[in-house]
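Here's the letter readout for the chains.
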Amino acid sequence: MISTLVWGTGNVGRAAIRAVAAHQGLALTGVLVHNPAKVGRDAGDLAGLDTELGIAATADIDAALAAGPRAIVYAASGDIRPDDALADIDRALRTGAVVVTPALYALYDHRSAPAELQERVSAAIAAGGGSLFVSGIDPGWGNDVLPLLMSGLGSSVDVLRCQEIFDYTTYDQPDSVRYLVGMGQPLDYQPPMLAPTIPTMVWGGQIRMIARGLGVALTDIREVVERRALDETVETELMGKFEAGTQGAVRFEVQGIVDGSPRIVIEHITRIHASCAPDWPQPPSGAGAHRVLIEGRPRIEITVQATDEDGNHSAGGNATAVGRLVNAIPWLAHAEPGLYDALDVPLPFGTLGRNPSA
């Protein structure tokens, strides 16, 4: 059994605890929290399970790392604290642990990451002898292994498009939704996530990975952003009121240009309420879906919907992305120390593991 620490218990961390507890090759041996109100609570309680797991949450980072976990799921957010997240991950790697995380966007495709970032992470790996695998929470598999798998089912590919279609109505992440993405803000507000070059910084690595998998050369990466205002004020379940006239939906594309045309596209269609931008692509049901479209011969389309935590689509998306990371731990634990991406790490089959809520 691989001793595993989960660092962070928010939207991603809850799913990580459940995934580790259910995995037949992993042993949950620690949970790190930031909120003092969570200290001492059982991991099962924090993860929304119906049973206790016998692991009390702690805020003592030194003690948690000194316990020597073989693997660490770094589930704390990197959206609004990228420097802190990098410092935490550097520290974790220096213990010699295998670290998996969605927090460092630039390392989705580490070959194209800034040199200073590569050097810092590589130095931490060399010092500790561990490994790092970064995959997206949007989810990563929807923008790398799934489209590449589908691309091999036909005879030709003209355009490969990955879509995330999501309604934030029941999402519980107000800082990210309101200020990073700009929902509920005036249309002259510049959301940091939509500022020029930022979509490429976040999703460009996945465009490059797909291009590498397809064996094609990119000549450019372009961004296209469209925003819509709410026609009426709406009230959301967890984040309160969003006023009419403010941003209610955003649609953007990160386009990989091959031979002068957008041939590899990652597209996000995001709403704060289903009534906004009804003419844009919609999920087949519920609040969200991930879709891959391959225009070619034949044309192939697949839509994936996942739910967790009593039918929540956001929680389901988090859970599948976390599953990709957690299920990679056994392979990483036996691989050479290093920095890995989604094309390096094989996608394992699932297992009939333990059910911690049974």
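In what follows, the structure referred to is the one given above.
A word on the overall build of the protein
Then step 1. Helix and strand counts for the protein stand at 10 helices and 14 strands.
Then step 2. The C-alpha radius of gyration of the protein comes to 20 Å, within 12% of the 21 Å expected for a compact globule of 358 residues.
Then step 3. Dimensions of the protein, computed from the C-alpha atoms along their principal axes, are close to 50 × 45 × 40 Å.
Then step 4. Split into buried and exposed, the 358 residues of the protein put 52% on the buried side.
Then step 5. In the protein, 69% of the contacts between residues at least 6 apart in sequence involve partners at least 24 apart.
Then step 6. Total accessible area on the protein stands at roughly 15200 Å², and carbon and sulfur atoms take up 51% of it.
Then step 7. Averaging the coordinates of the 26 positive side-chain charges in the protein and doing the same for the 42 negative ones gives two points 4 Å apart.

Considerations on the sheet that holds strand β6 (residues 156–167)
Then step 1. The strand order across the open sheet formed by 6 strands is β7-β10-β11-β6-β12-β13, and the pairing between neighbours is mixed. The open sheet has two edge strands, β7 (220–229) and β13 (300–304), and neither has a second partner. Direction aside, the axes of adjacent strands within the sheet are offset by 15° on average.
Then step 2. Each of β6, β7, β10 (247–258) and β11 (261–271) is contacted by helix α8 (residues 198–214), which is oriented at about 135° to β11, the strand it contacts most.

Some thoughts on the packing of helix α4 (residues 82–93) against helix α5 (residues 115–128)
Then step 1. In contact at an axis separation of 8 Å, α4 and α5 are set at 25° when each is read in the N-to-C sense. For the element pair α4 / α5, the angle class is roughly parallel. Across the interface between the two elements, Leu86, Ala87, Asp90 and Leu93 from α4 touch Leu117, Arg120, Val121, Ala124, Ile125 and Gly128 from α5.

Let's talk about the sheet that holds strand β2 (residues 26–32)
Then step 1. Spatially, the 6 strands line up as an open sheet ordered β2-β1-β3-β4-β5-β14, and their pairing is parallel. What marks the edges here is a single partner per strand, and that holds for β2 and β14 (338–340). The sheet shows a mean angle of 20° between the axes of neighbouring strands, taken without regard to direction.
Then step 2. Packed onto the sheet, α4 meets β1 (2–7), β3 (71–74), β4 (98–101) and β5 (131–134) and runs at close to 175° relative to β3.

The rules behind these values
Sequence order as written defines residue numbering, which begins from 1 separately in each chain. The predicted origin of the model limits local features to residues at a pLDDT of at least 70 and limits the giving and counting of side-chain atom pairs to 80 or more, whereas totals for whole chains, interfaces and linings rest on all residues. For side-chain calculations, the full set of non-hydrogen atoms in the structure is used, while hydrogens and water are omitted. The helix and strand labels rest on DSSP assignments: H or I over at least four residues marks a helix, E over at least two residues marks a strand, and numbering proceeds from the N terminus. In this description the radius of gyration comes from C-alpha coordinates, and the expected globular size is given by 2.2 Å times residues to the power 0.38. A simple rule labels every residue: compare its accessible area, found with a 1.4 Å probe on the protein chains alone, to the largest value its type can have, and call it buried under 20%, exposed over 50%, or partly exposed in between. Any two residues having at least one pair of non-hydrogen atoms within 4.5 Å are treated as being in contact. Note on areas: Shrake-Rupley with a 1.4 Å probe; residue coverage comes only from the protein chains shown. Residues scored as positive are Lys and Arg, those scored as negative are Asp and Glu, and His as well as the terminal groups of each chain are ignored. For charged residues, the charge sits on one atom: NZ in Lys, CZ in Arg, CG in Asp, CD in Glu. Pairing between strands is defined by DSSP: at least two bridges between the two strands are required. Axis geometry follows a simple rule: fit a line to the C-alpha atoms, using only the stretch in contact for helices, then measure angles between N-to-C directions, giving values from 0 to 180 degrees. Note that the term roughly parallel is reserved for angles under 35 degrees, roughly antiparallel for angles over 145, roughly perpendicular for angles of 65 to 115, and oblique for everything else.

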